[in-house]
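One-letter residues, chain by chain:
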Amino acid sequence: VIFDRENLFLYQIPGGNVFSAPVDLAVDAEGYLFVVANHNRHPALLQLDFDGLFLREVRMSGGPRGLAVPQLSSVAVSPGGTRLYAVDRANLGLWVADRIGRARAFVDLAAGLTETERRDLILGKVDVYGDRVLVAVPSRGEIRLFGPDGAEEGRLGTRGTAPCQLAFPMAAGMDVDGNLVIVDQRRMMFLRWGAEGNRCLGEHFGLGAAPGYLY
């Protein structure tokens, strides 16, 4: 569904025979859409033009040997539009690829975890701001930070359910000051988090039925 800058509805792109059950999307600077959805009865990453015309299925290739068939759950596009970042829940990793899915890197997001921890790992959304890639890891209560080539640059968050802790952070964005804005699904609120010093800067909104509150 497409809205203008004033949040007024413009038009919608129906899936029809091309896709169903979309779970995430990213738009490049030219208006092309990359949509994570079901396609031909399997999870897929699809490229559409700005009118919603199906162009291709983007298949990830060139990753490490032994990987299972990717099951992508989130996608982001670099500001220049040359790189795709995709969360792969089947392989518990992050793909860094070109626009047709050829891997530049594959990041094992479960590296160093025990077999039990790997089994319980839940991955959230990926997003890109400039040269910083953000990946939410809800089950670990943290946001992982990466460079444009997939090199890890840090981890943010304090796991827990008390004030200024992250119980189940599903997604994160970055504001103009470089601080993170994190949505915590379990605590039903937004938090602002300082990238420098890994510190909570405040909580906003929260559980409620009034306008602006979350459930």
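Definitions and cut-offs
Residues numbered from 1 in each chain as written. Predicted model: local features only at pLDDT ≥ 70, side-chain atom pairs only at ≥ 80, totals over all residues. Heavy atoms only, no water. Pairing = 2+ DSSP bridges. Helix = DSSP H or I, 4+ residues; strand = E, 2+ residues; numbered from the N terminus. Axes fitted to C-alpha atoms, helices over the stretch in contact; angles between N-to-C directions. Salt bridge = Lys/Arg side-chain N within 4 Å of Asp/Glu carboxyl O. Buried < 20%, exposed > 50% of the residue type's maximum accessible area, 1.4 Å probe, protein only.

1. Structural notes on the sheet that holds strand 15 (residues 169–174)
- With antiparallel pairing, four strands are arranged side by side in an open sheet as 15-16-17-18. Each having just a single partner strand, strand 15 and strand 18 (199–204) make up the two edges of the open sheet. Direction aside, the axes of adjacent strands within the sheet are offset by 25° on average.
- Sheet analysis places strand 16 (residues 180–184) next to strand 17 (residues 189–194), joined by five bridges and oriented antiparallel. Residue pairing in the sheet places V183 in a bridge with F190 of strand 17.

2. Describing the sheet that holds strand 14 (residues 152–156)
- Here four strands make up an open sheet; going across it, the order is 11-12-13-14 and the pairing antiparallel. Edge strands, defined here as strands with exactly one partner in the open sheet, are strand 11 (126–129) and strand 14. When the angles between neighbouring strand axes are averaged without regard to direction, this sheet yields 20°.
- Inspection of the sheet shows strand 13 (residues 142–146) paired to strand 14 by four bridges, in the antiparallel sense. Within strand 14, the position partnered with I143 by the bridge is L156.

3. Examining the pattern of salt bridges
- Going through the model one piece at a time under the given rule, you end up with 13 salt bridges.
- Note that R155 and E142 form a salt bridge whose closest N and O atoms lie 3.7 Å from each other. With R155 in strand 14 and E142 in strand 13, this pair connects stretches of sequence that are 13 residues apart.
- Judged by its relative accessible area of 43%, R155 falls in the partly exposed class.
- Through salt bridges that share partners, E142, R144, E152 and R155 make up one connected network.

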